[in-house]
Amino acid sequence: DIQMTQSPSSLSASVGDRVTITCRASQSISNYLNWYQQKPGKAPNLLIYVASTLQSGVPSRFSGSGSGTDFTLTISSLQPEDFATYYCQQSYSTPWTFGQGTKVEIK
Amino acid sequence: QVQLQESGPGLVKPSETLSLTCTVSGGSISSNYWSWIRQPPGKGLEWIGYLYYSGSTNYNPSLTSRVTISVDTSKNQFSLKLSSVTAADTAVYYCARHGVGSSMDVWGQGTTVTVSS
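Since the structure is predicted, the reported quantities are computational estimates derived from the model, not experimental observations. (Residues numbered from 1 in each chain as written. Chains lettered and ligands numbered in written order. Predicted model: local features only at pLDDT ≥ 70, side-chain atom pairs only at ≥ 80, totals over all residues. Heavy atoms only, no water.)

### Describing the packing of aromatic side chains
Two aromatic rings are characterised by how far apart their centres lie and by the angle between their planes. Scanning all chains against the criterion turns up 13 aromatic pairs over all chains. When the ring of B:Tyr33 is compared with that of B:Tyr50, the centres are 5.3 Å apart and the planes differ by 90°; the resulting orientation is edge-to-face. A residue pair is termed long-range when its members are at least 10 positions apart, and B:Tyr33 in strand 4 (residues 33-39) and B:Tyr50 in strand 5 (residues 46-52) qualify at 17 residues. Plain terms: the ring middles of B:Trp34 and B:Phe78 are 5.7 Å apart, the flat faces sit at 40° to each other, and that makes the pair tilted. In this pair, B:Trp34 sits in strand 4 while B:Phe78 sits in strand 8 (residues 77-82), placing the two residues 44 residues apart along the sequence. According to the relative accessible area criterion, B:Phe78 is buried, its value standing at 0%. Among the aromatic residues, those joined into a cluster by ring pairs are A:Trp96, B:Tyr33, B:Trp47, B:Tyr50, B:Tyr52 and B:Tyr53. (Phe/Tyr/Trp six-rings, centres within 6.5 Å; stacked < 30°, edge-to-face > 60°. Helix = DSSP H or I, 4+ residues; strand = E, 2+ residues; numbered from the N terminus. Buried < 20%, exposed > 50% of the residue type's maximum accessible area, 1.4 Å probe, protein only.)

### Focus: the sheet that holds strand 7 (residues 62-67) of chain A
Residues and elements named next belong to chain A. The 4 strands lie next to each other as 1-3-8-7, forming an open sheet whose pairing is antiparallel. Each edge of the sheet is formed by a strand with only one pairing partner; in this case those strands are strand 1 (4-7) and strand 7. Across the sheet, the mean angle separating the axes of adjacent strands is 15° when strand polarity is ignored. One ladder, built from 6 bridges, connects strand 3 (residues 19-25) with strand 8 (residues 70-75); its direction is antiparallel. Each residue of the ladder has a partner; that of Thr-20, found in strand 8, is Thr-74. (Pairing = 2+ DSSP bridges. Axes fitted to C-alpha atoms, helices over the stretch in contact; angles between N-to-C directions.)

### Some remarks on the pattern of salt bridges
All names here are of chain A. One pass over the full model with this rule turns up 8 salt bridges over all chains. With a closest N to O distance of 3.7 Å, Glu-105 and Lys-103 form a salt bridge. Under the relative-accessibility criterion, Glu-105 is labelled partly exposed at 33%. Of the residues examined, Lys-103 reaches a relative accessible area of 44% and is grouped as partly exposed. (Salt bridge = Lys/Arg side-chain N within 4 Å of Asp/Glu carboxyl O.)

### What about the interface of chain B and chain A?
Taken together, the contact pairs 22 residues of chain B with 18 residues of chain A. Summing both partners gives a buried area of about 1600 Å² for chain B against chain A, and 65% of it is carried by carbon and sulfur. In this structure, the connection of chain B to chain A is made through 7 residue pairs in polar contact (both at pLDDT 80 or more). Of all the elements in the fold, those that place two or more residues in the side of chain B that touches chain A are strand 4, strand 5, strand 9 (91-98) and strand 10 (104-107) of chain B. Looking at side-chain class alone, the side of chain B that touches chain A contains 9 nonpolar, 10 polar and 3 charged residues. (Contact = heavy atoms within 4.5 Å. Buried area = accessible area lost by both parts, 1.4 Å probe. Polar contact = N/O pair within 3.5 Å; in protein donor to acceptor, adjacent residues only side chain to side chain. Nonpolar A, V, L, I, M, F, W, Y, C, P; charged D, E, K, R; others polar.)

### Let's talk about the pairing of strand 9 of chain B
Residue and element names in this part refer to chain B. Of all 8 residues in strand 9, 7 are buried; the element is thus mostly enclosed. Bridging between strand 4 and strand 9 involves 6 bridges; their strand directions are antiparallel. Of the residues in strand 9, the one forming a bridge with Arg-38 is Tyr-93. Relative to strand 11 (residues 111-115), strand 9 runs antiparallel, the two sharing 3 bridges. The partner of Val-92 across the bridge, within strand 11, is Thr-112. The sheet contact formed by strand 9 and strand 10 spans 3 bridges and is antiparallel. Paired with Ala-96 across the strands is Trp-107, a residue of strand 10. A loop of 5 residues connects strand 9 with strand 10, the two strands running antiparallel in sequence, and Gly-101 in this loop sits at a positive phi of about 65°.

Next comes the structure, spelled out in structure tokens:
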């Protein structure tokens, strides 16, 4: 299985901050990397697919980059509604696997 | 737009079989891949398996001996069966549609299944 490791596991930030979350794969996954946002009690919501393509309806303050083994999710200016847990997921080979999550909390 | 809704018992006894259904509305189950994912309380996400509308499947090796995913195109539904459940199978179970690059672009709201006697 491909292991996905996110860092940090949690972070505290203020509204307006630039936030970066990193996801590393245990082997190359090309650009088959997706990012999800999950709020408490809700299903995950797709933000970014194939590493850098913004899902329809997702604000442009979210962006993704990377290829191979190293990927980043950036929120350019954190908004109150962005406080949530973020997961990366590789869809290069089955079994699809997720990172352990990064919880973004209010400072 | 496409919406997904999970349904099934919220409580299952140890050693029995968990059975859930995902109903697709606002679109056809045909011509897409569909997955089941679960999330134990307070933990991360685990992909269980996917199905193509034609009936072909791919399961997580960690669960393959206990999992069956099937489709009923006449009802626009697909289903999950997980046999010989234990407390470790207690989780919120989600169904989802595959999008570009096998991302999961539409999710059901999730259904909580507790394994307990």
